[in-house]
Amino acid sequence: MESRLPTSRLKPLPGMPRATGEHPDLRDVGQALGELRLLQQLNQAIIANLPSGIAVLDQDGRLLYFNGTFGRMWDLDLAALGKHLAEVAGDGPLSRINWRGEVARLIEGGQALPGNLLEAGERPSRRVIRYGLFSLPPTDFDLPRRLVGDEFCLGFLSQHECIGDCQECCAHTATWQGDHALLLVEDITDQRQLEAQLTQSEKLAALGQLSAGVAHEIRNPLSAIYNAAFYIADVLSDEEPDVGELQEYVALIQRNVDRAQRTVTNILNFARPSGPDRTTADLSDLVEQTLAILDKALVDQGVALERHLRSGVMVRCRPETVKQALLNLIVNALQAMPEGGTLIVATAREDGDFPSVLVTDTGSGIAAGDLSRIFNPFYSTKPAGQGTGLGLSIARQAIEADGGRLDVASELGRGTTFEMALPAAH
Amino acid sequence: MADGRVLVVDDEPDHGLTVRAILARDAVAVDFAASPEDALAQACQQTYDVAILDLRMPGRDGLSLMHALRRGQPSLRVIILTAYPSPTTCRTALTEGASAYLEKPCAPEALRAMVASLLAQSSKSP
Ligand SMILES: Nc1ncnc2c1ncn2[C@@H]1O[C@H](COP(=O)(O)OP(=O)(O)OP(=O)(O)O)[C@@H](O)[C@H]1O
Ligand SMILES: [Mg+2]
């Protein structure tokens, strides 16, 4: 390699003043070079320290450049340069994409393809990434890559002083012509795991709230069955048993087996891990299924339940998640009415693109100053051990993930209304 | 078996009715009330030796009902029978004068024996 200086025409960057005839002062050139060097260093420091993986792909989907984070993410070394990304990405999420096609689509469309989620690999090393692909301005000159530590530096001005034939940079001068795309990758596996754990712990919290109700709903029928069976056996042990009224106790047993069975089914429906898939569901069914496991708790607390549910209002959502969120709203409402009151659950009168359900209580209400905080994780006014403060934050996050909204209106001393809106299914 | 009168109070009618059926086999007179108010109304008409009270009931819980019944009938012996036992309610019930604290489901023989022994005590020292 004879020279490190650019041999090709340098195009001015957009917005750069074009020299109009007069020669720039050499002092200015020196200063401009100094500034460029500084910017280069700044750029390098940012790239090296970003938690995101950065790579540049050529129009065939080959790796032209990657930063240290990207290399560590996919276990890449220098040998990966110039290879197709899908080839070097193992069985991780990146191998599932036809990068050549993606880059072509990007260049044709001229628009960024951001925010795609990918999940792949076998557990436990299964990983979830978010990636975005962005187009870079086409170039018609070559750009050297230099290796400094485990980072490449791009460009002639990088701080690493090359003596002209070093192994690192000179060996890696890339052909950097034509169209390229910038690939940004974030590994969100840990974040996903944390979210899943939170959802799980919230489920447990909700079930904890319900355990009194569950015990009641299982043990009462069980106890009645026990007694009835004992009674039947006792009567049959008589010398001349009067079997006439035993029929009634057999029916009682059947009735109570059904009831316990229903309770168990309800709990199982609830505890079932929520699938990631959205489906079309009837909003009022979701509400009914949630109320089904709470009925007894309502009565126990002297809370009257008013339902104003229109069936046939169809929404797109993950039903388990929505029921979970509804359960949290209703448990909160019950907790706000320790002395009893009225719980009103209603589908909104008008649907539009976002049909909604309103959960209203006549409980303590929330002070205006606290309204903005109730959705914060771990914000709770409940005694330690009773509230984790996660119910609302998880509910809102889950509903928003489904493209919906969760809002609140409240008046201190009067009561509170939560409105959960979900995208309509068309 | 000692004679006497028992009041069963439970907001779960199926449960209360089976308890009554079992005890009535011992030729004990047993009344059933499906709510605390109902129980108080019946206690105005009748004197009871033993009351079997559910703990969680709408309106008024078993402990508060125990006190209310005792106001009119101080020698009433009380068995608490609950589907949701807790150390706290157990301690409170026993220190406030309940004779027994049983969990649902409770073996019918045990319940019967408990009632028989309380009826025997009650006939000795009214
Ligand atoms: N219906 C309501 N009425 C009055 N205050 C409410 C109502 N719903 C929520 N809040 C307030 O918002 C706070 C946060 O609610 P959130 O559901 O997130 O947590 P929590 O109920 O305290 O605990 P957890 O849900 O984990 O058991 C509550 O502690 C309470 O102060
Ligand atoms: Mg809550």
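Each chain has its residues counted from 1, running along the sequence as written. Think of it this way: whatever chain is written first is A, whatever ligand is written first is 1, and the rest follow in order. Reporting of local features is limited, given that this is a predicted model, to residues whose pLDDT is at least 70; pairs of side-chain atoms are given and counted only at 80 or more, and all residues count toward the totals for whole chains, interfaces and linings. Heavy atoms from the whole structure form the basis of all side-chain values; hydrogens and water molecules are not counted.

Chemist: Where do I start with the overall build of chain B in this structure?
Modeler: Strands here mean DSSP runs of E at least two residues long; helices mean DSSP runs of H or I at least four residues long; both are numbered from the N terminus. When its secondary structure is counted, chain B shows five helices and five strands. If you list the helices and strands of chain B from N to C, you get β-α-β-α-β-α-β-α-β-α. Only heavy atoms enter the contact rule, under which two residues are in contact if any of them lie within 4.5 Å. Once local pairs closer than 6 in sequence are excluded, the contacts in chain B between residues at least 24 apart make up 62%. Carbon and sulfur atoms make up 52% of the accessible area of chain B, which amounts to about 5300 Å² in all. To measure how exposed things are, a 1.4 Å probe is used in the Shrake-Rupley method; for residues, cover is taken only from the protein chains shown.

Chemist: Even after reading the chapter, I still don't get the nonpolar core, so can you show me in this structure?
Modeler: The nonpolar side chains of a soluble globular protein tend to be buried with one another. Residue and element names in this part refer to chain A. What we call a nonpolar core is a set of buried Ala, Val, Leu, Ile, Met, Phe, Trp, Tyr and Cys residues that are connected through their side-chain atoms within 4.5 Å. Three labels apply to residues, based on accessible area from a 1.4 Å probe with only protein chains included: buried if under 20% of the type maximum, exposed if over 50%, partly exposed otherwise in between. Within the largest apolar cluster, 37 residues are counted, with the highest numbers of intra-cluster contacts made by V322, L326, L343, M420 and L422. The element contributing the most residues to this core is helix α10 (residues 319-335), with nine residues. Formed by 24 residues, the second largest nonpolar core is a distinct cluster that contains L57, L63, L76 and L81.

Chemist: Whenever I open this one, the packing of helix α2 (residues 36-45) of chain B against helix α3 (residues 62-72) of chain B confuses me. Can you help?
Modeler: Helix-helix packing is characterised by the crossing angle of the two axes and by the distance between the axes. All names here are of chain B. All axes here are fitted lines through C-alpha atoms, helices being fitted over the stretch that makes contact, and every angle between N-to-C directions spans 0 to 180 degrees. With their axes 10 Å apart at the nearest point, α2 and α3 run at an angle of 15° to one another. In terms of orientation, α2 lies roughly parallel with respect to α3. In terms of crossing hand, the pair formed by α2 and α3 is right-handed. Residues P36, A39, L40 and A43 of α2 lie in contact with α3, whose contacting residues are L65, A68 and L69. A class-by-class count of the residues in the contact of α2 with α3 yields seven nonpolar, no polar and no charged. Any angle from 65 to 115 degrees is called roughly perpendicular, while one under 35 is roughly parallel, one over 145 is roughly antiparallel, and all others are oblique. The handedness criterion is simple: a crossing whose near helix is rotated anticlockwise from the far helix by less than a right angle is left-handed, and one whose near helix is rotated clockwise is right-handed. In this classification, the charged set is Asp, Glu, Lys and Arg, the nonpolar set is Ala, Val, Leu, Ile, Met, Phe, Trp, Tyr, Cys and Pro, and all remaining amino acids, among them Gly, are polar.

Chemist: Help me understand the sheet that holds strand β13 (residues 405-411) of chain A in this model?
Modeler: Sheet strands pair via backbone hydrogen bonds, and the direction of the pair is either parallel or antiparallel. Residue and element names in this part refer to chain A. Only strands that DSSP links by at least two bridges are regarded as paired with each other. Spatially, β9-β11-β12-β14-β13 is the arrangement adopted by the five strands of the open sheet, whose pairing is mixed. A strand with exactly one partner marks an edge of an open sheet, and here the two such strands are β9 (303-308) and β13. Direction aside, neighbouring strands of the sheet carry axes that sit 10° apart on average.

Chemist: How do you make sense of the packing of aromatic side chains when you look at a structure like this?
Modeler: All names here are of chain A. Each pair of aromatic rings taken from Phe, Tyr and Trp, with Trp reduced to its six-membered ring, is defined by centres within 6.5 Å and is described as stacked if the planes are under 30 degrees apart, edge-to-face if over 60, and tilted in the remaining cases. Tallied over the full model, the rule gives four aromatic pairs over all chains. Arranged with centres 6.2 Å apart and planes meeting at 35°, the rings of F66 and F70 form a pair that is tilted. Take F66 and F70: they sit in the same class, and that class is buried.

Chemist: Any chance you could explain the packing of α10 of chain A against helix α11 (residues 391-401) of chain A here in plain terms?
Modeler: All names here are of chain A. In the contact formed by α10 and α11, the axes pass within 9 Å of each other and the chain directions differ by 150°. One element, α10, and the other, α11, form an angle in the roughly antiparallel class. Crossing hand, α10 versus α11: left-handed. Residues T321, V322, A325, N328, L329 and N332 of α10 touch α11, and the partners they reach there are G391, L392, A395, A398 and I399. Its residues placed into classes, the contact of α10 with α11 shows seven nonpolar, four polar and no charged.

Chemist: Please clarify how the confidence of the model for chain A should be interpreted in this entry.
Modeler: Detailed reading of the predicted coordinates is not advisable wherever pLDDT is low. What pLDDT reports is the predictor's confidence in each residue, on a scale of 0 through 100. Confidence along chain A averages 78 in pLDDT terms, with 74% of residues attaining 70 or more. Within the model, the stretch residues 1-19 of chain A combines pLDDT values under 50 with 14 contacts to residues more than four positions away or in other chains.

Chemist: Hey, could you run me through the environment of I47 of chain A in this one?
Modeler: One can find I47 of chain A in helix α1 (residues 26-49). Measuring from C-alpha to C-alpha, the distance between I47 of chain A and N67 of chain A comes to 6.8 Å, with 20 residues separating the pair along the chain.

Chemist: Would you mind showing me how to read unusual backbone geometry here?
Modeler: For residues that are not glycine, phi is negative in most cases, and the peptide bond is trans in most cases. Going from K104 of chain B to P105 of chain B, the amide bond is cis rather than trans, its omega being -10°. With respect to the secondary-structure elements, P105 of chain B resides in the loop between β5 (100-103) and α5 (108-124). Even without being glycine, D75 of chain A reaches a positive phi, approximately 60°. Checked against the element boundaries, D75 of chain A lands in the loop between α2 (68-74) and α3 (85-88).

Chemist: Even after reading the chapter, I still don't get the interface of chain A and chain B, so can you show me in this structure?
Modeler: Many structure descriptions define interface size as the accessible area lost when the parts assemble. Counting from both sides, the interface comprises 25 residues of chain A and, opposite them, 23 residues of chain B. Carbon and sulfur atoms supply 53% of the area that chain A and chain B bury against each other, a total of about 2300 Å² over both sides. The largest share of the area that chain A buries against chain B comes from R219, N227 and F230 of chain A, three residues that together contribute 27% of it. When a carboxyl oxygen of Asp or Glu lies within 4 Å of a side-chain nitrogen of Lys or Arg, that pair is called a salt bridge. Counting every contact that joins chain A to chain B gives six salt bridges. Buried area: the accessible surface (1.4 Å probe) lost by two parts on joining, summed over both.

Chemist: What exactly am I supposed to notice about α1 of chain A here?
Modeler: Each turn of an α-helix holds 3.6 residues, which means side chains three or four residues apart point in the same direction. Helix span, as expected, comes to 1.5 Å for every residue beyond the first. End to end, α1 of chain A covers 35 Å across 24 residues, agreeing with the expected 34 Å (1.5 Å per residue, within 8%). The complete set of buried residues in α1 of chain A reads Q40, Q44 and I47 of chain A.

Chemist: Quick question: what am I supposed to make of the sheet that holds strand β4 (residues 77-82) of chain B here?
Modeler: Residues and elements named next belong to chain B. Strand order across the open sheet formed by five strands is β2-β1-β3-β4-β5, with parallel pairing between neighbours. Bordering the open sheet on either side are β2 (29-33) and β5, each of which pairs with just one other strand. Each adjacent strand pair in this sheet contributes to an overall mean axis angle of 20°, direction not counted. In this sheet, β5 lies alongside β4 in parallel orientation, the contact comprising four bridges. Within the sheet, the bridge partner assigned to T82 lies in β5 and is E103. Seen against the sheet, α3 touches β1 (5-9), β3 (50-54) and β4 and runs at an angle of roughly 155° to β3. The sheet strands contacting α5 are β1, β3, β4 and β5, and the helix crosses β4 at an angle near 165°.

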